[in-house]
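# Remarks on the overall topology
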Amino acid sequence: MIEDVRGEGDVVVVEAAVAAPTARCPGCESVSGRVHSRYQRSLADAAIAGRVMVLRLAVRRFFCTNSDCPARTFAEQVDGLTVKWARRTSRLTSMLATIGLAMAGRAGARLAHRLGLSASRDTLIRLVRGLPDPPSGPISILGVDDFAVRRGHRYGTVMVDLETRRPVDLIDGRDGEALAAWLRARPLPQVICRDRAGGYAEGARQGAPEALQVADRFHLWQNLGQAVEKDLSVIRREIAAALAAQAAAGRSSETPAVVNHVELKVVRRFREQHAAVHRLLDQGLSKSAIGRELGLHPATVRKFAGAATVDPLIAKNQQRSSILDGYHEHLHRRWNEGIRNGAQLTREIAEKGYPGTEQQVQRYLRRYRTRTGHMPVPAPRPPSVRKITRWVMTDPANLAADDTTSLRKLRKRSKDLNRLANHVQDFAIMMTRLEGHRLDAWIESAEKDSLPAIASFARNLRRDIDAVRNGLTLPHSSGPVEGQVNRIKMLKRQMFGRANLDLLRKRTLLQGN
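Residues numbered from 1 in each chain as written. Predicted model: local features only at pLDDT ≥ 70, side-chain atom pairs only at ≥ 80, totals over all residues. Heavy atoms only, no water.

### Considering the pairing of strand 2 (residues 11-17)
Strand 2 sits mainly inside the fold: five of its seven residues count as buried. Two elements, strand 2 and strand 6 (residues 51-63), share seven bridges in a ladder whose sense is parallel. Directly across from V12, in strand 6, lies its bridge partner M53. (Buried < 20%, exposed > 50% of the residue type's maximum accessible area, 1.4 Å probe, protein only. Helix = DSSP H or I, 4+ residues; strand = E, 2+ residues; numbered from the N terminus. Pairing = 2+ DSSP bridges.)

Pasting the structure below:
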């Protein structure tokens, strides 16, 4: 019952009292009407028109009439308004928890202040941590994937109900033991959709041996793309060599001699480091010791150690695309005609579609200003490995006409590229039409081919053949799981480094419920 409402500066004060003649003991649930004493309780409430609201509630303390109850007295509570020891009303606490759940600490505190709700970022985070987990029942189709708590140092696993497309839990670690322990503590799912990581495969076998494992098609396609890119690195070098030989044969005897090629510093450094790594390996040093000896990152040592020769590494490094690709011939021709002004040359290639700046052109021409004679006309360069990979991995119906024409010309020039594209096309048809029964035939065909990366990809499929075949047969997909991983990344960025796993778990599970 409201007794008075008044303003005290920017604060609205509401004085009220409880009108019920009796109260129920929270310990034994017995009803009592014997008043022990009265006191005034001050509670912060939801703001009114942006003004802070304070509720001053006259509260009674009652005697408990049950002699067996350990509590001799108790204070009355108003359902939906007050809880024991709280300094805020239940309505305000719910509003602040909702703000913290949606916007986290700092941003939530700024919004709460604008709305007239006083709360610090730590208070909002504490309220979010105190929220109960959403109810969860049996899961028929479970999706699992890893996410980075701290990239490169600590990882977790997200569990998603693929029928409702909602996350059900986040756990620490991404190994098989963590997944197996989580599965044993709950009703076992019928289907587990995962990536091709061996840890999740083993964890699913241990924790839910009767569940059907499904390798996700997105990860299969991603692994195939990585294999295609490796094979294309070799194929592109062969195409580039053929184009260079064709250009050399087509030059007339009057063409000025080509200047000697000066090896780049990065190429020379690659050769020296590769030789040093293999020399130390022959001496019996471990890869970690080689890294310390040469001052190289462990990943760099592994890269050099895994390459029998340095040429593939050099070729991969030199295959980086340049913004001047496609305009070199014009620049060289005009330079040989005596036009040495970088600004004029930039204007000329800009008319042909060059999107870069004059500085980039000047930087390219600088290497020739100290040389005498003509600039060698470069041989036509094939597209970059990344571009050819995109052409091969794209549905022909969605490929631009120019890209389709360019890919067709390259396939006519290279038999290896033609076979590679056929393998990709067959796998794509099998994947999109869910024709998993064709998997064994595809693997056998790829293994017999001379393309090493595709053959290796096919052999690796045999290690997880049942899950891969299920992934190419059943309609289940980890798409919702990947979506939740992206949402987790967004929540981490939003929390300005306060994304401890317990808080991240609460926000992931409760946001949107």
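### Here we look at the nonpolar core
Among the nonpolar cores identified, the biggest contains 38 residues, and V228, F427, W442 and L461 are the most heavily contacted of them. Secondary-structure elements contributing two or more residues to this core are helix 6 (217-250), helix 14 (385-393), helix 15 (401-413), helix 16 (415-432), helix 17 (439-448), helix 18 (452-463) and helix 19 (465-471). What V228 contacts, discounting residues up to four positions off in sequence, is T389, V392, M393, L420, V424 and I454. Counting residues in hydrophobic clusters, the runner-up holds 24 residues, among them V128, I488, L504 and L509. (Core = buried A, V, L, I, M, F, W, Y, C linked by side-chain atoms within 4.5 Å. Contact = heavy atoms within 4.5 Å.)

### Details of the sheet that holds strand 11 (residues 191-194)
Spatially, the five strands line up as an open sheet ordered 10-9-8-11-12, and their pairing is mixed. Because the sheet does not close on itself, it has two edges, and the strands there are strand 10 (166-172) and strand 12 (212-215). Between one strand axis and the next, the sheet turns by 30 degrees as a mean value, whatever way the strands run. Bridge count for strand 8 (residues 141-150) against strand 9 (residues 154-161) is eight bridges, and the pairing is antiparallel. Opposite F147, over in strand 9, you have G156 as the bridge partner. Lying over the sheet, helix 4 (residues 176-184) contacts strand 8, strand 9, strand 10 and strand 11, oriented at roughly 125 degrees with respect to strand 10. (Axes fitted to C-alpha atoms, helices over the stretch in contact; angles between N-to-C directions.)

### Overview of the environment of R459
Along the polypeptide, R459 turns up in helix 18. Separated by 394 residues in sequence, R459 and T65 place their C-alpha atoms 78 Å apart. Among all residues touching R459, those that are not within four sequence positions of it are E447 and P452.

### Considerations on helix 16
Helix length check: helix 16 (18 residues) gives 26 Å between terminal C-alpha atoms against 26 Å at 1.5 Å per residue, within 8%. Where helix 16 begins, the capping side chain belongs to S414, and its oxygen is found 3.5 Å from the backbone nitrogen of D416. Looking one or two places after helix 16, you find L434, whose phi comes out positive at around 55 degrees. (Expected span 1.5 Å × (residues − 1). Polar contact = N/O pair within 3.5 Å; in protein donor to acceptor, adjacent residues only side chain to side chain.)

### Brief notes about the packing of aromatic side chains
In the structure shown here, the tally under the stated rule is six aromatic pairs. Here the aromatic rings of Y327 and Y354 are separated by 5.7 Å at their centres, their planes lie at 75 degrees, and the arrangement is edge-to-face. With a gap of 27 residues between them, Y327 in the loop between helix 10 (311-318) and helix 11 (328-336) and Y354 in the loop between helix 12 (342-351) and helix 13 (358-369) connect regions that are remote in the sequence. Each of the two residues, Y327 as well as Y354, counts as buried. The interplanar angle of 85 degrees and the centroid separation of 6.0 Å between the aromatic rings of W442 and F457 together place this pair among those described as edge-to-face. Taken together, the residues span a long stretch of sequence, with W442 in helix 17 and F457 in helix 18 at a distance of 15 residues. For the pair W442 and F457, a shared accessibility class is recorded, and that class is buried. By way of ring pairs, the aromatic residues F427, W442 and F457 are connected into one cluster. The ring of F63 carries R34 above its face, with NZ or CZ at 4.6 Å from the centroid. (Phe/Tyr/Trp six-rings, centres within 6.5 Å; stacked < 30°, edge-to-face > 60°. Lys NZ or Arg CZ within 6 Å of the ring centre and 35° of its normal.)

### Some remarks on the side chain of D449
Assignment of secondary structure puts D449 in the loop between helix 17 and helix 18. The exposure class of D449 is buried, given its relative accessible area of 15%. A polar side-chain atom of D449 sits 3.0 Å from a polar atom in the side chain of R419. Those residues in contact with D449 that sit more than four places away from it in its chain are R419, H423 and A455.

### Quick look at the packing of helix 20 (residues 479-494) against helix 21 (residues 501-510)
To characterise two packed helices, one gives the angle between the axes of the helices and the distance between these axes. The interhelical angle for the contact between helix 20 and helix 21, taken along N-to-C directions, is 125 degrees, at an axis separation of 10 Å. Overall, the two elements helix 20 and helix 21 adopt an arrangement that is oblique. Seen along the crossing, helix 20 lies across helix 21 with a hand that is right-handed. Taking contact as the criterion, the partners of Q484, R487, I488, L491, K492 and Q494 in helix 20 are, on helix 21, L504, R507 and T508. Among the residues making up the contact of helix 20 with helix 21, the classes are represented as three nonpolar, three polar and three charged. (Parallel < 35°, antiparallel > 145°, perpendicular 65-115°, else oblique. Left-handed = near helix turned anticlockwise from the far one by under 90°. Nonpolar A, V, L, I, M, F, W, Y, C, P; charged D, E, K, R; others polar.)

### Focus on unusual backbone geometry
What you tend to see is this: most non-glycine residues have negative phi, and most peptide bonds are trans. Even without glycine at this site, E29 takes up a positive phi of about 70 degrees. Looking at where E29 falls in the secondary structure, it is placed in the loop between strand 3 (23-24) and strand 4 (31-32). We classify E29 as partly exposed; its relative accessible area is 47%. Of note in the backbone geometry, L434 takes a positive phi value of approximately 55 degrees without being a glycine.

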